[in-house]
Amino acid sequence: MLAAALAIQSQVADTSPFRALPLPAPGRVRGASGAPGPDYWQQRVDYVIRATLDTSAQTIRGSERIHYVNHSPDTLAFLWVQLEQNLFAPNSITYALSQPPLHFAGGAVFDFTGKGFTGGMTIERFAAGGRALQRTEYGTMMRVELPRPLPPRGALDCDVAWHFPIPPYGGGRMGRIGTRLYEIGQWYPRLVVYDDVHGWNPLPYIGAGEFYLEYGDYDVTLTLPAGFLVAATGTVANPLAVWTAEQRARLSRARVSAEPVQIVTKAEATAHGARRSPGTKTWHLTARQVRDVAWAASPDFRWDASSWNGIQIQTFYRPSAAPWEEANRMATIKHFSETWGMYPWPQATTVEGLVEGMEYPMLTFVPSLARREDQYWVLTHEFGHEWFPMMVGSDERRYPWMDEGFNTFIDYGSAEGYFKGTAYGDTVRRELLGAARISAVPGKEQPLIDKPVEQRDLAWAAYQKPALMLTVLRDAVLGKETFERALREYVRRWKFKHPQPADFFRTIADVSGRDLDWFWRDWVYTTARLDQAVDSVGSAGDTTLIHLSNRGQMVLPLTLELKFADGATESRDYPIEMWNLGSRFTARVASPRRVVSVVVDPKALYPDIDRANNRWPR
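Residues numbered from 1 in each chain as written. Predicted model: local features only at pLDDT ≥ 70, side-chain atom pairs only at ≥ 80, totals over all residues. Heavy atoms only, no water.

K.L.:
Report on the overall build of the chain, specifying residues and quantitative values.
P.N.:
Tallying secondary structure elements over the chain gives 16 helices and 34 strands in all. Since a compact globule built from 618 residues should have a radius of gyration of about 25 Å, the 27 Å found for the chain is in line with a globular shape. Along the three orthogonal principal directions, the C-alpha set of the chain runs to about 95 × 60 × 45 Å. When each of the 618 residues of the chain is scored for burial, the buried share is 58%. Across the chain, every contact between residues at least 6 apart in sequence was considered, and the portion connecting residues at least 24 apart equals 72%. Where the 67 positive side-chain charges of the chain centre and where its 68 negative ones centre are 1 Å apart. (Helix = DSSP H or I, 4+ residues; strand = E, 2+ residues; numbered from the N terminus. Rg over C-alpha atoms; globule rule 2.2 N^0.38 Å. Buried < 20%, exposed > 50% of the residue type's maximum accessible area, 1.4 Å probe, protein only. Contact = heavy atoms within 4.5 Å. Lys, Arg positive; Asp, Glu negative; His and termini not counted. Charge placed at Lys NZ, Arg CZ, Asp CG, Glu CD.)

K.L.:
Before we move on, could you go through empty space enclosed by the protein and cite the residues and values that matter?
P.N.:
Taken as a whole and assessed by the stated rule, the structure comprises five cavities of 30 Å³ or more. In this structure, the largest cavity is lined by Gln82, Met141, Val192, Val193, Asn201, Leu203, Tyr212, Asp395, Arg397 and Arg398. Here the lining of the largest cavity is composed, by residue class, of five nonpolar, two polar and three charged. (1 Å grid on protein atoms, 1.4 Å probe; cavity = no way out; pocket = protein on both sides within 12 Å on 5 of 7 lines; lining within 4 Å. Points joined across faces, edges and corners; volume = space filled by probe spheres on them. Nonpolar A, V, L, I, M, F, W, Y, C, P; charged D, E, K, R; others polar.)

K.L.:
Would you mind going over the packing of aromatic side chains in detail, with residue names and values included?
P.N.:
Counting across every chain of the model gives 49 aromatic pairs. For the ring pair phenylalanine 419 and tyrosine 424, a centre distance of 5.1 Å and an interplane angle of 80° mean the geometry is edge-to-face. Each member of the pair, phenylalanine 419 as well as tyrosine 424, is classed as buried. Above the plane of the ring of phenylalanine 78 lies arginine 143, whose end atom (NZ or CZ) is 3.6 Å from the centre. (Phe/Tyr/Trp six-rings, centres within 6.5 Å; stacked < 30°, edge-to-face > 60°. Lys NZ or Arg CZ within 6 Å of the ring centre and 35° of its normal.)

K.L.:
Requested: an account of the nonpolar core, with residues and values cited.
P.N.:
Formed by 182 residues in total, the largest nonpolar core has its most connected members in Trp162, Trp187, Phe519 and Trp520. Among the elements that take part in this core, helix 13 (residues 458-478) stands out by supplying 10 residues, more than any other. Apart from residues no more than four positions distant in its own chain, tryptophan 187 is found in contact with Ile49, Ala51, Ile60, Met121, Trp162, Phe164, Val220, Leu222, Val293, Ala294 and Trp295. Among the nonpolar cores identified, the runner-up in size contains 10 residues, and Phe110, Ala208, Ala459 and Tyr463 belong to it. (Core = buried A, V, L, I, M, F, W, Y, C linked by side-chain atoms within 4.5 Å.)

K.L.:
Explain helix 12 (residues 431-439) to me, and be specific about the residues and the numbers.
P.N.:
Those residues of helix 12 lying buried are Leu432, Leu433, Gly434, Ala435, Ala436 and Ser439. As for helix 12, its buried residues are in contact with helix 10 (404-418) and helix 13.

K.L.:
Just give me the short version of the sheet that holds strand 13 (residues 181-184), but keep the residues and values in it.
P.N.:
The five strands are arranged 11-12-13-22-18 in an open sheet whose pairing can be described as antiparallel. On the outer flanks of this sheet lie strand 11 (169-170) and strand 18 (229-232), each paired with one strand and no other. Pairing of strand 11 with strand 12 (residues 174-177), which is carried by two bridges, proceeds in the antiparallel orientation. The partner of glycine 170 across the bridge, within strand 12, is methionine 174. (Pairing = 2+ DSSP bridges.)

K.L.:
Give me the layout of surface pockets: which residues, what numbers.
P.N.:
Computed from the structure, the second largest pocket encloses a volume of approximately 430 Å³. Along its surface, the second largest pocket is lined by 25 residues, and Ala226, Gly227, Phe228, His272 and Ser277 are the ones closest to its centre. Those elements giving two or more residues to the lining of the second largest pocket turn out to be helix 4 (245-254), strand 20 (261-264) and helix 5 (266-274). Per-class residue counts for the lining of the second largest pocket are nine nonpolar, eight polar and eight charged.

K.L.:
I'd like a description of the side chain of asparagine 238, backed by residues and values.
P.N.:
As for its placement among the helices and strands, asparagine 238 is situated in the loop between strand 19 (235-236) and helix 3 (239-242). Ignoring anything within four residues of it in the chain, the contact list for asparagine 238 reads Thr282, Trp283 and His284.

K.L.:
If you had to explain the packing of helix 13 against helix 14 (residues 480-494) to someone new, which residues and values would you point to?
P.N.:
Remark: helix 13 packs on helix 14, axes separated minimally by 7 Å, with the N-to-C direction vectors making an angle of 135°. In terms of axis orientation, helix 13 runs oblique to helix 14. Together, Leu470, Leu473, Arg474 and Leu478 of helix 13 and Lys480, Thr482 and Phe483 of helix 14 make up the contact between the two elements. Residues of the contact of helix 13 with helix 14, tallied by class, amount to four nonpolar, one polar and two charged. (Axes fitted to C-alpha atoms, helices over the stretch in contact; angles between N-to-C directions. Parallel < 35°, antiparallel > 145°, perpendicular 65-115°, else oblique.)

K.L.:
Requested: an account of the environment of glutamine 58, with residues and values cited.
P.N.:
Relative to the assigned elements, glutamine 58 resides in the loop between strand 1 (44-54) and strand 2 (59-69). On the accessibility criterion, glutamine 58 (12% relative accessible area) is buried. It is 7.9 Å that separates the C-alpha atoms of glutamine 58 and threonine 179, two residues lying 121 residues apart in sequence. When near neighbours in sequence (up to four residues on either side) are disregarded, glutamine 58 contacts Phe164, Pro165, Ile166, Arg176, Gly178, Thr179 and Tyr182. One polar contact links the side chain of glutamine 58 to the main-chain carbonyl oxygen of glycine 178, over a distance of 3.0 Å. (Polar contact = N/O pair within 3.5 Å; in protein donor to acceptor, adjacent residues only side chain to side chain.)

Okay, structure coming up:
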């Protein structure tokens, strides 16, 4: 009898929506609370880069010194290096697969093929201690054999020289317009992450998966045609050499102004574009505690700047761009800083150009869009990435929902605040339920946990569904105050570190005091669907019996709106524990008043697949 009972109990446990997630065991590196443990470690990589832009040959040629510190407990016999420009090599995985472009809402298209451009990165030298190192390229990854194993707490300096032709449109994330505008990212050899979960992470760059990078300090010099202005990650270290006296004076005013100051006016930008400046100019930039560096350059830039909380807000754009006069006000980091944690760097810059939208530390690329709401959305989305993943350095190559999804969620809060009181601001988050109706299709939808390169509908899996997931968690499960406290703590714990999904799940549970395995299973690991229903309504004396059922695979708390015969209405919330004993539940309403109407989820917050059964009488 005992064996039979245990067998039944085991079967029930295996199918219960409340069974525990099979997460990696916590330890001293990653703790059970979701915080980094006492033995947490991650590698450090510092770069000194010297590069030259040749606008006649359309090439970038550079050299760099990489200072790599092994904080791991492991001895490393080799390094892995990322060469993302090999996305455009003739034998690249992307070209072999002929991947179709990704289409996003609003008409944005990311063509990861570079529109047929062929190029790739040429490594001229990779050496340590004056000795050339053996290396083998595997598409966008390169393995480098070390002359001697690098022990724990050891450090290594590598000297690298390289060049590549600049693609006219670089995989949706960088590129150029003739010789007049350059938006440059993924442009230098950089170390692959070595972590405590996977060791080396040499997943190929195909396009759909973004980046996973180590943190460090950068010292960068860029030599460009003399008439160009540069916008970049970091701080300009030689202002006297690159900015005019008038520009420096205007910047001084901008540093204490909440309103935008024109550093380069439209008339000045137009005049600059009409003349050619002979020679070159070298820009010196430094950045601390960042995971990447990118830059943009043009002789045609208008340039506006303002300040918030001592942080310089900058916008660079072409004279023809509209409605970019408002962009500096739109490019605010105030909402994100006050809600999720203070922006940690001295400046935040956005550049208008050909890229549909892309993020780098302190720098974003954003197109010019005619509709004001669309322009704001892309600006705030790219700046939201300064929190996820620039500050909270998740693995975008595997888990885009922890990057794009978390960012999309906080973007809705930003848009709701900026457009508060307008039809757009008051309804924009409802887009997520519309996306669910279109994309959460049985047989086609995939779990969030699938890699981005395996997703057929990346816009849903990486952006919209995780934003809807967090909205439901906030509004229906935890409540706004508890949810925001938990997400802020996650940002604080993992700032400049590398969280995994289990670290996020455990942090939210730790701070909220709630077991949420059931929630993450449905939203992240499966394609479960919600179908809450009113089956029937009866009575027993003065008690109304409302028979409810959970007809789908997803479980969530339930809200009822009751209407009584006397015209009064009442809302009742039932916690997730209502489904502890199965998929049916009877709500008892003890009142002499007769219930004449029942509605489940009256505010339509949930992605319920059949709202027709949410009402009684039907």
